[in-house]
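These are the residues of each chain, in order.
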Amino acid sequence: MSASHLGNTPLDVAKLRDVIRKRLPELLDTVRGKKGLILDPQLTGPLSLVAEIPLLKDHGVEKIYHLDDSILDTDCKNLIYICRPKLKYMKYIAAQIRKDRQDTSKRIEYSLFFVPQRTMLCERVLEEEGVLGDITLGEYAMEWIPFEDDLISMELDNNTWKELNLDGDATAIHQAAKSLMKLQQIYGLFPRIIGKGDSAKALADMLIRMRREQSVVDEVSSSTMRKNPSLLNSLSSHIDQLVIIDRNVDLYTPLCTQLTYEGLIDEIFGIKHSFVELDQSLVSAGTQPQQQQAQSGPSSGAPGKKKNYALNSSDKLFAQLCDLNFAVVGGLLNRIAKRINENYEERHQAKTMAQIRTFVGKLPDLQQEHQSLRTHTGIAEEIMSQTITEEFNRMLEAQQNLVAGVDSNMEVDYIEELIDKQEPITKVLRVLCLMSLVQGGIKAKTFELFKREIVQTYGYEHLQTLHDLERVGLFVIRTSSNASRAAFANVRRTLRLIVNEVDEHNPADISYVYSGYAPLSVRLVQCAVQKISAGHAGGSVPGIGLFANVVGGGSSNTVGSNHTHEKGKDDKSDKTAGWKGYEDILKLLPGTAVDEVQTEEVKNEREAKATAARAKRSLGSHHRKTTIVFFLGGCTYTEVSAIRFLGQQDEGIRDYLVATTQMINGNTLLESMIQNSASNREDTAEGVL
């Protein structure tokens, strides 16, 4: 897949793709001759974003297979497995090797590369299966998959949040720390690390410890440093801070239905590794004559055939649409269709050879834009067919009433109705868990009612599902104190999470992404970042008065104008602010607050000059700062859109880079908790070697 849409910002995240891309041929070349490549199905998508089929063929790959429980019949003499360290995969590989042993005429060499690292538990399973001596082991680190210039993902499994909060498995924290260390090696140290949540605290501590350990290693291995210099000994001259958001701090946002264009595509179609599966008639290049109206809908095609379609800014129309509230998408598509039609009509005015040549020169781009319009018109029509239904709007009304704190029994009746209709259990749990969170639990009588009805309707295996949800605090009985209910109400009021008047066409606040609800996670980013630049570092805990300037009360560039006025104070406030002034608000949210300042460890003047020179060569002389916002446990597309909106407010002052363990929505978050769901109970190897 082409990455021409990457590398257009000062940070140049295309470097991250190039690092992974460079490692893959090196890995393949460790095995001589022709080879077969057997991939973890969950890695096929990420790998397709960094390496094309011709690259694999150039390095000896003849055939590519998916790793599953079937026995592979192949004539390849060398087999390379690339997979996550999961126990089930070890058993699949062991079964394949034992089967091949039975055919004495076969002499196959096996290699296994773990992503991102090997584990003792996987090695033990291979040993118990009696195949460890038959296979060569290695590692293939895929730290970051760049989707856009402002969005990178580790693309971990959707089980990450469950593993951290239910299983007590901190593997994802270790992997995140290594991935963030790679960013520091390329771009320099994060001058400040702030975050919220217990997992965020653990990650920040591990980052600092890894940096110290690496400093010792570099000091001992000075020759290695000369060959592969890193920027771990100098502060980044471009990145001003890392903001870590533990998903556990804001579970409200992913449980709400996303209302941006890209968010609704994810809710309805499902986006995997920046690809969406569409009907082939929408994606294939149209055979319509050029004179056909650009407004025409998608042509009919062979039903049932699907094709992957890339959703990124290389599609210029998608770049215009992705962050918009869906309410305005239809009007924009109509205006674009009229413009394209007018451009086609220009051919009638082309009389001279020069005019004809000019029109013909425009034609390829015009046809590509026309095809993109057909695709997105088809997507929008499919989304519209669902958003206009009574079921969709009742779900949306229930969610918005809950986050707004509207007291009524409607939500209880609505959940009972969903259960009676045997709607998908994820749909039921999404509203039920949101109710439990915002109300500080559910009344004991109602709790037992829901528990009984869910088990009787969906099966007794969901006793374990409900028990797990209770353990992680998503489905609990309300206590008499109502402390958590009061906490969310205070946070909602103080941070003004609900904005009553929202203009989706000309938004003045991030709340447009949910048509009135501002994602709590992104409000926290505003507290940490925009306040610093606007000169609000000190003072008491801000109430609605501060956010009147940020949301709803004033022009959309109110904060931006403050940035410009206080631009000269950026460096000073960066060193003194962090979470200062928001301590009382942070106490209302679960988990620890993190605020760490990193400094350079320079032993002499010569080393100081050398590190400064490396930083300047690596990053150039850019003055605009970049803030990295890292979501530990997953991020939604609406949160990405909201952070992009902050970037528009801070235009010319600050860029944002969203980094995440994976992209999620309410369904994928809950599916990891549901018994017998596709993503649940997958064995993940523990014990990092």
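Reading the values: the criteria
- Residues numbered from 1 in each chain as written.
- Predicted model: local features only at pLDDT ≥ 70, side-chain atom pairs only at ≥ 80, totals over all residues.
- Heavy atoms only, no water.
- Helix = DSSP H or I, 4+ residues; strand = E, 2+ residues; numbered from the N terminus.
- Buried < 20%, exposed > 50% of the residue type's maximum accessible area, 1.4 Å probe, protein only.
- Areas by Shrake-Rupley, 256 points an atom, 1.4 Å probe, with all protein chains shown as cover.
- Phe/Tyr/Trp six-rings, centres within 6.5 Å; stacked < 30°, edge-to-face > 60°.
- pLDDT = per-residue confidence, 0-100.
- Contact = heavy atoms within 4.5 Å.
- Polar contact = N/O pair within 3.5 Å; in protein donor to acceptor, adjacent residues only side chain to side chain.
- Salt bridge = Lys/Arg side-chain N within 4 Å of Asp/Glu carboxyl O.
- Axes fitted to C-alpha atoms, helices over the stretch in contact; angles between N-to-C directions.
- Nonpolar A, V, L, I, M, F, W, Y, C, P; charged D, E, K, R; others polar.
- Pairing = 2+ DSSP bridges.
- Core = buried A, V, L, I, M, F, W, Y, C linked by side-chain atoms within 4.5 Å.
- Expected span 1.5 Å × (residues − 1).
- Parallel < 35°, antiparallel > 145°, perpendicular 65-115°, else oblique.

What follows covers the overall build of the protein chain. Of the regular secondary structure elements, the protein chain holds 29 helices and 15 strands. Burial analysis of the protein chain (689 residues in total) assigns 54% to the buried set. When the accessible area of the protein chain is evaluated, it comes to approximately 29,900 Å², of which 49% is carbon and sulfur surface.

What follows deals with the packing of aromatic side chains. Scanning the model with the defined rule gives 8 aromatic pairs in all. Residues Trp144 and Phe630 carry aromatic rings whose centres are separated by 6.1 Å and whose planes lie at 90 degrees to one another, so their mutual orientation is edge-to-face. Remark: Phe630 occurs in strand 14 (residues 625-632) and Trp144 occurs in the loop between strand 5 (135-139) and strand 6 (145-148); sequence separation between them is 486 residues. When sorted by exposure, Trp144 lands in the same class as Phe630, which is buried. Aromatic rings pair up to connect Tyr261, Phe318 and Phe326 into one cluster.

Taken residue by residue, the protein chain gives an average pLDDT of 83. The fraction at 70 or more is 80%. For residues 532-576, every residue scores under 50 in pLDDT, and the model assigns this stretch 75 contacts once sequence neighbours within four places are set aside.

This paragraph deals with the environment of Glu139. Among the secondary structure elements, Glu139 is positioned in strand 5. Exposure remark for Glu139: the relative accessible area of 40% places this residue in the partly exposed category. When the C-alpha positions of Glu139 and Val115 are compared, they lie 6.1 Å apart, and in sequence the two are 24 residues distant. Leave out the neighbours within four places in its chain, and Glu139 touches Phe113, Phe114, Pro116, Gln117 and Arg118. Of note is the side chain of Glu139, whose polar atom sits 3.1 Å from the backbone nitrogen of Arg118.

All right, on to the pattern of salt bridges then. Side chains that differ in sign of charge can pair as their charged atoms come close. On inspection of all chains with the given rule, the structure shows 26 salt bridges. Here Glu423 makes a salt bridge to Lys427, at a shortest N to O gap of 3.7 Å. Of the residues examined, Glu423 reaches a relative accessible area of 19% and is grouped as buried. For Lys427, a relative accessible area of 22% gives the class partly exposed. Salt bridges sharing common partners tie together Arg17, Arg21 and Glu52.

At a minimum axis distance of 9 Å, the contact between helix 19 (residues 444-458) and helix 20 (residues 462-471) shows a crossing angle of 145 degrees. Note on element contacts: helix 20 touches helix 19 through His462, Leu463, Leu466 and Glu470, opposite Phe447, Lys451, Ile454, Val455 and Tyr458. Of the residues that constitute the contact of helix 19 with helix 20, the class distribution is 6 nonpolar, 1 polar and 2 charged.

With that settled, the discussion passes to helix 11 (residues 261-268). Of all 8 residues in helix 11, 7 are buried; the element is thus mostly enclosed. Burial in helix 11 covers these residues: Tyr261, Glu262, Gly263, Leu264, Ile265, Asp266 and Glu267.

Spatially, 6-7-15-14-9-8-13 is the arrangement adopted by the 7 strands of the open sheet, whose pairing is mixed. The sheet terminates laterally at strand 6 and strand 13 (593-597), the two strands that pair on one side only. On average, each strand axis in the sheet is inclined to that of its neighbour by 20 degrees, with strand direction left out of account. Looking at chain direction, strand 14 and strand 15 (residues 654-660) are connected through 7 bridges and run parallel.

Core analysis: the largest hydrophobic core is formed by 134 residues, its most contacted members being Ile82 and Tyr140. The biggest single contributor to this core is helix 18 (residues 425-438), with 10 residues. Contact partners of Tyr140, with chain neighbours within four places excluded, come to Ile20, Arg23, Leu24, Leu27, Leu47, Ile82, Phe113, Phe114, Val115 and Pro116. Membership of the second largest hydrophobic core comes to 38 residues, among which are Leu156, Tyr187, Phe630 and Leu657.

Bringing helix 28 (residues 637-649) into the picture now. An ideal rise of 1.5 Å per residue puts 18 Å on 13 residues; helix 28 measures up with 19 Å between its terminal C-alpha atoms. Taken across its 13 residues, helix 28 has 12 buried, putting it largely inside the fold. Burial in helix 28 covers these residues: Tyr637, Thr638, Glu639, Val640, Ser641, Ala642, Ile643, Arg644, Phe645, Leu646, Gly647 and Gln649.

All right, on to the sheet that holds strand 4 (residues 109-114) then. With parallel pairing, 5 strands are arranged side by side in an open sheet as 2-1-3-4-5. In this open sheet, the two strands that pair with only one neighbour each are strand 2 (61-66) and strand 5. Recorded for the sheet is a direction-independent mean angle of 20 degrees between the axes of neighbouring strands. Note: strand 1 (residues 35-39) against strand 3 (residues 78-83), 4 bridges, orientation parallel.

Here strand 6 pairs with strand 7 (residues 151-153) via 3 bridges, running antiparallel. Residue pairing for strand 7: Ile145 is matched across the bridge by Ser153. Connecting strand 6 to the antiparallel partner strand 7 that follows it, the hairpin turn spans 2 residues.

Where helix 18 meets helix 19, the axes come as close as 12 Å, and the angle between the chain directions of the two elements is 170 degrees. Classified by the angle their axes make, helix 18 and helix 19 are roughly antiparallel. Residues Ile425, Val428, Leu429 and Leu432 of helix 18 form the contact with helix 19, whose participating residues are Phe450, Ile454 and Tyr458. Broken down by class, the residue content of the contact of helix 18 with helix 19 amounts to 7 nonpolar, no polar and no charged.

Below, the discussion takes up the side chain of Thr660. Here Thr660 is to be found in strand 15. Within the structure, Thr660 has its side chain in polar contact with the backbone nitrogen of Cys635 (distance 3.4 Å). The residues touching Thr660, leaving out its near neighbours within four places in the chain, are Trp144, Ile152, Ser153, Met154, Phe630, Phe631, Gly634 and Cys635.

This paragraph deals with the environment of Ala202. Structurally, the position occupied by Ala202 is in helix 8 (residues 198-220). Looking at Ala202, the relative accessible area reads 31%, which means it is partly exposed. Sequence spacing of Ala202 and Ile173 is 29 residues, and the spatial spacing of their C-alpha atoms is 7.4 Å.

Omega for the bond connecting Val115 with Pro116 falls within 30 degrees of zero, at 0 degrees, which places this linkage in the cis form. Position of Pro116 among the secondary structure elements: in the loop between strand 4 and helix 5 (120-128). Phi at Glu155 is positive, roughly 55 degrees, even though this residue is not glycine. With respect to the helices and strands, Glu155 occurs in the loop between strand 7 and helix 6 (160-167). Of the residues examined, Glu155 reaches a relative accessible area of 8% and is grouped as buried. The backbone phi angle of Gln422 is positive, close to 55 degrees, even though this residue is not glycine. Its place among the elements puts Gln422 in the loop between helix 17 (410-420) and helix 18.

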